Structure formats: structure tokens, C-alpha cells
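# Report on the structure
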Amino acid sequence: LGLPLKIKKPIAIIGMGISGKACLDFLLRIKIPRHEIITFDEKSGKADTSDTQTVLKMLPKTFILSPGVPMKSQIVQDLLACGSELTSEVDLASKFLTTEKVIAITGSLGKSTTTSLIGVAARTQDPNCFIGGNIGTPLIQYISELQSQPSKKASYIVIELSSFQIEALSKFNSECVVYTYLSKNHLDRYDSLNDYYSTKWKLTEHCRGPIFINGASSELLCFATNKSKTFNCVMSNDAKNLEKFGINTLRVFGKHNYQNAGLACAVAWFFKWDLAAFQAISEFPGMPHRLENLNEHKDVLFINDSKATSIESVEAAITACSELNRPLHVLIGGKDKGLDWTLLEKFKNTNIQFYFFGKDGKMFQDHSRLSGQVFKTFADCLIALESVLCPKDVVLLSPGGSSLDEFKSFEERGNFFKAWVSKFQN
Ligand code: ADP
């Protein structure tokens, strides 16, 4: 397809999730013979092999590492020891970018929301703009599609990157980097918090322009301040901070969303985007399952924050909903991820009604010392809730626990809640 060959063969693809599959598709599209590629996944059936030795026997000159496979894993260490060159889906894709301006977003919380906010703004300037990465479509898919539709070339690439994706970057370069929030996460994969934060910070080494950080994230601000790089600290907690961008109000609510929107405005300002970009930020309706407004039904307002699986997100959601000054019911539960539930104790002497559900609901209640009924399942909790709701009430699902005790994903849990809300309406 006329692409310069920028990858040495044979090639091993390690991990056949969404990005691994997209890489295979891309390599075949650029006419790399199938026998020069081997795919590996621990789960046989997804790949050519689940056997490390079979991969090593092929003596791959390059291996494409999926974000789901830790750098410390045996296969990665063995391949590196054999002199195989490490690349990743994002890194490989970025070798084929030409004039596109890349905006990279990372953080422990708020990545997807901020990526979407920047995305809707960028799209007003460039209808072809690519929005993806960790949030959905792999970047390599954009490169693949460009081969058959060159007119779809984007001016802007808005890409969300997880720490796992950042680990394997080498050639990737961006015009600016956005940090949304840093907090304890993924400590199963990193030796220390410092390791995790440093991996996130590595993204600044792949950036030729400004670094925007959310000044309201104290951990982030503290970490960034101790680094030698200069950065732009964006302070935005309410509409007042956005006035200078011509924004009076946002459709999404909560302080944290003003922070996310503040970052999006800073990016739009940096690229000198016109009014339409700021308008799009102001009108952004929010993302499903993140403080998603399910509207009023029988005068009760329902908010779906099923994605909230960290204490910071739960706190942010409760704080945001408290600002509505209406009787508030908060549904907490699911499977424990080792969070510090004692941090919720600050909501103890408030008028908020708490309800706990699921596998670890009782434990969440014990540790938080909040009073409230405990239910075995989410469905039981909703049945009980139905009989106590009154007009003007607000119901917030911000579980904190993971959904895996009762559901396949946070989306499935959120959709279960939405279906119940529709039934409540009828
Ligand atoms: P990520 O992609 O990093 O997981 P999301 O945008 O999907 O982040 O949001 C995940 C959860 O965190 C949601 O419950 C959301 O309401 C909450 N959240 C979003 N932005 C922030 C922020 N800046 N600070 C704290 N919590 C946030």
C-alpha cells in the first residue's frame, strides 16, 4: 500500500485483546505475510499460541506488547533478552502519523471524560478528528482505515493513554499532554506509588509542547512540582473559572467536571480553536455511567455513576449531588478493590441516606461507619428504595466497588439501574 516498512520481521503480537487484533489487521493490510507474524495470548483460542517457547523459537525481531500484558512478565523478559525490539500498538501507529497534531490525555480518574470533552471541541475544528486510544478505538485502526480512505486524514488526534500504554512508548510524540488527576491505582502492577506516577509522568518525555495539569489534584500537583519540567497548572472548580473562555455554565455537573472542562478549554485555547469549540465543551452532555443524568421521573432525579470504583470518584459524586440541595439517597456496593472506605466517614453527620449492596456491601458500611440498610443484591436494594422515594429526592448510584460480584462490567450494572429507572417511571 505504499507505506514505508518501519517494522522488522518476524513480528510477535503479545496479547490479543482489542489492540492486538487491530495490530494484526493492520500488519496484514500492509501486506506483511501471515507466516512472518505470530500471535500469543495466555488464553489459547485467542491467538496462534499460548506457549512462550513457540514464540521464542520464531526469533521475532519485533514484538508488539498489549497493555494487558505486564512488562515484568516472563515472555516480555525473554523476548527482550533475545534482542527483540519492543513496540506497542500506539507506538507503531504513531510511526505512520504525518501532519496530525496529537493531544495525549492521561490520569487516574477523569481520562475518558476529559478525552471526550477535548474530542467534542476538536471535532468542531476538524470533522475527521480521531478520538480514541484507551477510551475505545485503537489508533492503529485509524492508520489502517486511512490506507483505503486518505481523504479521512485527521488534523487532530485526541488519544487517551493508560499507564500500561505509556510503559511501552518510544517513538510516540504529542503536541501537548493533559493530566487529569493522580491517585493510588494499579498497585498490583507497580512496585510503588512513585513507580506508578513516574510511569504516567513518562508521557511528558514524548511531548514537544505544553503540559496541562489539573491544579485541583493535590497528588498530581505535588508530584509535578518535584519534577524539573515546567507545566501549566489549570485551576478550574466552577463556572467562574471558565468565564474567560466565554463559558457561563456546563451541562455536566460537579466540581470535578469543571476541572475536566477547564483542561479541555486550556487545550482549545492553546490550539486557538474558535468559539464553536468552547460551545461544544459547555454543551457536552457527559458520558454514560459517569455522573450520568437519567433525568427526573415522578419528580425524582436519578444519577448513574456506575463507573465510580474509587473513593475519590464516590466522594466527587456525593459532593456534586449534595450541591443540588435536595434529599439524597446514595447506593454503594459491589466487590471490594481494597479501597480506603474510612474516607467516607466525613459524610456521617449529614442528611444523606446510604444504602449498601452486593458481596462486600456490609464491609463497606462497617469501614465507612455510615448508617444505612445493607442488601444482598443490587436488585434487592432497588426494590427497597422504591417504597421510600418521594418527590424532590435524588438517587445516586456511585458504588465504589467493582461490578464483578453481580455483573460483567460497570456498563452492565449501569444499564441494570437504567432499566429499573424506566420501570420506576411507569
Ligand atoms: P477514567 O477514564 O480515568 O476511568 P472517567 O472519566 O471514566 O475516568 O471517570 C471515572 C469516574 O471518575 C466517574 O465516576 C467520574 O464521575 C469520576 N471522575 C471524572 N473526573 C474526575 C476528576 N477530575 N476527579 C475525580 N473524579 C472524577
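In the block above lies the structure referred to throughout.
The structure reproduced in this document is the subject of the present report. (Residues numbered from 1 in each chain as written. Predicted model: local features only at pLDDT ≥ 70, side-chain atom pairs only at ≥ 80, totals over all residues. Heavy atoms only, no water.)

## Topic: helix 6 (residues 139-148)
Where we set the bar: Whether a residue is buried, partly exposed or exposed follows from its accessible area with a 1.4 Å probe, protein chains only, as a fraction of its type maximum: under 20%, in between, or over 50%, in that order. Under the scheme used here, helices are H or I runs from DSSP no shorter than 4 residues and strands are E runs no shorter than 2 residues, and both carry numbers assigned from the N terminus. Contacts are assigned to residue pairs that have any heavy atoms within 4.5 Å of one another.
If you check which residues of helix 6 are buried, you get Leu139, Ile140, Tyr142, Ile143, Ser144 and Leu146. The inward-facing, buried residues of helix 6 contact helix 1 (18-29), helix 4 (89-94), strand 6 (130-133) and strand 7 (156-160).

## Regarding the site of the ligand
Condition: Think of it this way: one heavy atom of a residue within 4 Å of a molecule or strand is enough to make that residue near it. Whenever two N or O atoms come within 3.5 Å, that pair is a polar contact, provided that in protein one can donate a hydrogen and the other can accept it, and provided that, for residues adjacent in sequence, both atoms are side-chain atoms. Each accessible area is a Shrake-Rupley estimate made with a 1.4 Å probe; only the visible protein chains count as cover when residues are assessed. Residue classes follow a fixed rule: Ala, Val, Leu, Ile, Met, Phe, Trp, Tyr, Cys and Pro count as nonpolar, while Asp, Glu, Lys and Arg count as charged, and any other residue, Gly among them, counts as polar.
Neighbouring the ligand are 16 residues, the closest being Gly110, Thr113, Arg290, Asp305 and Lys307. Within the contact set of the ligand, a nitrogen atom lies 3.0 Å away from a side-chain nitrogen or oxygen of Asn260. Within the contact set of the ligand, an oxygen atom lies 3.1 Å away from a side-chain nitrogen or oxygen of Ser313. Coverage of the ligand by the protein chains reaches 95% of its 560 Å² of free accessible surface. A breakdown of the residues in the shell around the ligand according to their chemical character gives three nonpolar, eight polar and five charged.

## Description of unusual backbone geometry
Here the residue pair Lys9 and Pro10 is connected by a cis peptide bond, since its omega of -10° sits within 30 degrees of zero. Inspection of the secondary structure assignment puts Pro10 in the segment before strand 1 (11-14). With a phi angle near 70°, Asn295 is a residue other than glycine that sits in the positive phi range. Of note, Asn295 is situated in strand 11 (residues 292-297). With a relative accessible area of 47%, Asn295 lands in the partly exposed category. Even without a glycine there, the phi angle at Asp299 is positive, about 65°.

## A closer look at the sheet that holds strand 2 (residues 37-40)
As a reminder, the rule being used: Any two strands are treated as partners once DSSP identifies two or more bridges connecting them. Here an angle of 0 to 180 degrees is reported between the N-to-C directions of two axes, which are lines fitted to C-alpha atoms, with helices fitted over the stretch in contact.
Taken in spatial order, the four strands line up as 2-1-3-4 in an open sheet, and their pairing is parallel. On the outer flanks of this sheet lie strand 2 and strand 4 (85-88), each paired with one strand and no other. Going across the sheet, the axis of each strand differs from the next one's by a mean of 25°, ignoring polarity. Contacts between helix 1 and the sheet are confined to strand 1, strand 2 and strand 3 (62-65), with strand 1 contributing the most and set at about 160° to the helix.

What is shown is where atoms sit, not what they do.
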